[in-house]
Amino acid sequence: MTRTVPLGQPTVGEPELAAVAEVFASGWLSGAGPSCLAFEGEFAEVVGTQHALATANCGAALHLALVVLGAGPGDEVIVGDYTFPATGHSALWTGARPIFADVRPDIWSADPAAVEAQITPRTVGILAVDVFGQPADYDELRAIADRHGLWLVEDAACSAGATYRGRPAGSLADLATFSFHGRKGITAGEGGALVGDSGDLMDLARTLHTYGIAPAVTREGERTLPVPTFETVGYNYRLSDVQAGIMRAQLRRLPHLLAARTASAAAYAAGFGDLEQLTLPVALPDRTHPWQSYVLTLDPALDRGAVALALREQGVGCNFGTYASHVQPVYAAAAGRPLPACPVSADLFARHLAIPMHANLTTDDLEHVITTVRAVVGSDAVRR
Ligand SMILES: *Cc1c(COP(=O)(O)O)cnc(C)c1O
């Protein structure tokens, strides 16, 4: 029987089950309760910010970030092009228009020069993406934002545990957002967080994430009967306390999970370094890569669909990388002007192939992936 190596896999077990049992015993299962508050304190410490707010997912955190920063109809937000739908969608949810900037060919995050070239009098902010977790160029982006009076948000969905010039991902912009979806480095199945240093912005986000009223936990133990009023339209963007319990256990595992992914990335680099059909992912020396995904760039002579099917047939999970946003019809319709071309991102969208990357890969798994990828990309059957 062929070995099957999945593309991604959460690392969960006894510690997470024990954490769930503890939350069950507490009786507070819904969101914004004691387990969420404890997780938020621990998470803020890990990402180096004053505040953290647990949310239902990263998309909710992105939406809250843009709302509290004041994005709305008529505004333009410059977004790194190569990303998941949540990033561009979050601008649309506020009524603002996402305008996409092309990305660096080596680390795939927004090219600062391309960002600056898209600034117009309508631009209000920059939404940079740490692609597959490696931080974008925050010193350069901060300088551009300051020069033009813009805010800066970090989509750190995949970045838990990453660093940039010695600073943790999450602390690199005015606000940052994380995802705890099952494909990310730490997970509660679904989940997310908004983090930042501004008490005012984070307080507003906290109110908005629970329908625009103060969370019930803030009324616990009162000697009167406080009744909230509705001052603003909010949402239910809460993480449940059950999920927060799982996240507290995941946070304690984070150093081990990062070490396991880093070792697998090193094994792939050694296993593929000599292949001219592949360009390997770059980890820049001034930042640490958390390896949410391991993504190969295939030579243009290879048929990616054929490579992917051959790998899957032999038990090697794989997929495309992420998305070029500027070619998606939903954004073109909303832009109100022709969206600029992003040729680098379009090329990555066509040639990227993600191969298995998670913290449970064994030496045998890695050997199977390396042997199979080497054989498939070297075979004439996958050439165009
Ligand atoms: C996964 C991901 C998201 C969305 O996360 P959810 O928690 O599923 O909303 C947003 N941005 C990027 C870059 C992602 O990779």
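Each chain has its residues counted from 1, running along the sequence as written. Restriction of local features to residues with pLDDT of at least 70 applies here, the model being predicted, together with a cutoff of 80 or more for giving and counting side-chain atom pairs; totals for whole chains, interfaces and linings are based on all residues. As a convention, hydrogens and water are excluded, and side-chain values are obtained from all of the structure's heavy atoms.

Glancing now at the overall build of the chain. A run of H or I in DSSP becomes a helix once it reaches four residues, and a run of E becomes a strand once it reaches two; helices and strands are each numbered from the N terminus. Check the secondary structure of the chain and you find twelve helices and 15 strands. For 384 residues, the compact-globule estimate of 2.2 N^0.38 gives 21 Å, and the C-alpha radius of gyration of the chain, at 21 Å, lies within 12% of that figure. For the chain, the spread of C-alpha atoms along the three principal axes comes to 75 × 55 × 35 Å. Taken over 384 residues, the chain has a buried fraction of 55%. The contact criterion used is simple: two residues touch if any of their non-hydrogen atoms lie within 4.5 Å. Expressed as a percentage of contacts within the chain between residues at least 6 apart in sequence, the contacts between residues at least 24 apart total 74%. Split by element, the accessible area of the chain, about 15,700 Å² in all, is 56% carbon and sulfur. For this count, His and the chain ends are skipped, Lys and Arg are scored as positive, and Asp and Glu as negative. One atom stands in for each charge, and that atom is NZ of Lys, CZ of Arg, CG of Asp or CD of Glu. Taking the average location of the 26 positive side-chain charges in the chain and that of its 40 negative ones, the two points are 2 Å from each other. Computation of the radius of gyration draws on C-alpha atoms alone. For the globule rule, the value is 2.2 Å times the number of residues to the power 0.38. Residue burial is assigned from relative accessible area. The probe radius is 1.4 Å, only protein chains are included, and a residue is buried under 20% of its type maximum, exposed over 50%, and partly exposed in between. In this description, accessible areas are obtained by the Shrake-Rupley approach with a 1.4 Å probe, and a residue is regarded as covered only by the protein chains that are shown.

This part covers the site of the ligand. Surrounding the ligand, one finds 14 residues, the nearest of these being Cys58, Gly59, Asp155, Ser179 and Lys184. Within the contact set of the ligand, an oxygen atom lies 2.9 Å away from a backbone nitrogen or oxygen of Gly59. Polar contact is defined as a pair of N or O atoms within 3.5 Å, subject to the rule that within protein one atom must be able to donate a hydrogen and the other to accept it, and that residues adjacent in sequence are counted only when both atoms are side-chain atoms. In the environment of the ligand, a nitrogen atom lies 2.8 Å from a nitrogen or oxygen atom belonging to the side chain of Asp155. Within the complex, 89% of the 390 Å² of free accessible area of the ligand lies under protein. Mapped by element, the contributors of at least two residues to the shell around the ligand are α3 (58-68) and α4 (85-93). Note that Gly is not counted as nonpolar here; it falls among the polar residues with everything else outside the nonpolar set of Ala, Val, Leu, Ile, Met, Phe, Trp, Tyr, Cys and Pro and the charged set of Asp, Glu, Lys and Arg. When its residues are assigned to classes, the shell around the ligand shows six nonpolar, six polar and two charged. Near is defined per residue: the residue qualifies when any heavy atom it owns lies within 4 Å of the molecule or strand.

In this section: the pattern of salt bridges. Definition used for salt bridges: Asp or Glu carboxyl oxygen within 4 Å of a side-chain nitrogen of Lys or Arg. Scanning the entire structure with this criterion turns up 18 salt bridges. A salt bridge links Arg253 to Glu16; the shortest N-O distance between them is 2.7 Å. Remark: Glu16 occurs in helix α1 (residues 14-26) and Arg253 occurs in helix α8 (residues 241-272); sequence separation between them is 237 residues. Grouping residues by exposure puts Arg253 and Glu16 together as buried. With its nearest N and O atoms 3.2 Å apart, the salt bridge here joins Asp174 to Arg142. Linking Asp174 in the loop between β8 (167-168) and β9 (175-179) with Arg142 in helix α6 (residues 138-148), this pair joins segments that are 32 residues apart in sequence.

In this structure, Ala32 is a non-glycine residue whose phi angle is positive, near 60°. Among the secondary structure elements, Ala32 is positioned in the loop between α1 and α2 (34-47). One non-glycine residue, Trp291, lies in positive phi territory at about 55°. Mapped onto the elements, Trp291 comes out in the loop between β12 (287-288) and β13 (294-298).

Take the domain arrangement of the chain next. For the chain, the domain assignment lists domain 1 (14-251) and domain 2 (254-382). The centre of domain 1, based on its C-alpha atoms, is set 26 Å off from the matching centre of domain 2. Along the contact surface separating domain 1 from domain 2 lie two salt bridges. For the salt bridge of Arg165 with Asp286, the shortest nitrogen-to-oxygen distance reads 2.9 Å. On the surface where domain 1 and domain 2 come into contact, there are 26 residue pairs in polar contact (both at pLDDT 80 or more). Listing elements by their share of the side of domain 1 that touches domain 2, those giving two or more residues are β3 (82-83), α4, β4 (97-101), β7 (163-164) and α8. Residues belonging to the side of domain 1 that touches domain 2 are distributed by class as follows: 22 nonpolar, twelve polar and eleven charged. Domain delimitation in this document rests on an assignment produced automatically or drawn from a domain database.

Quick look at the nonpolar core now. Residues Leu175 and Leu194 are the most contacted members of the largest nonpolar core, which totals 34 residues. Sorting the residues of this core by element identifies α3, β2 (76-80), α4, β4, β6 (151-155), α7 (199-208) and α10 (329-335) as the ones contributing at least two each. Top element by residues in this core is α3. It accounts for eight residues. Setting aside residues no more than four positions away along its own chain, Leu175 makes contact with Ala65, Val68, Leu69, Leu152, Val153, Glu154, Leu194, Val195, Gly196, Leu201 and Met202. What is meant by a nonpolar core is a set of buried Ala, Val, Leu, Ile, Met, Phe, Trp, Tyr and Cys residues, joined one to another through side-chain atoms within 4.5 Å. Residues Phe178, Ala193, Ala244 and Ala260 belong to the second largest nonpolar core, which totals 29 residues.

Next up on the list: the sheet that holds β7. Pairing is antiparallel across the open sheet formed by three strands, whose spatial order is β8-β7-β12. The sheet is open, and its two edges are formed by β8 and β12, each paired on a single side. In terms of strand pairing, β7 meets β8 through two bridges, oriented antiparallel. For Tyr164, the partnering residue across the bridge sits in β8 and is Arg167. By this definition, two strands are paired if DSSP reports at least two bridges between them.

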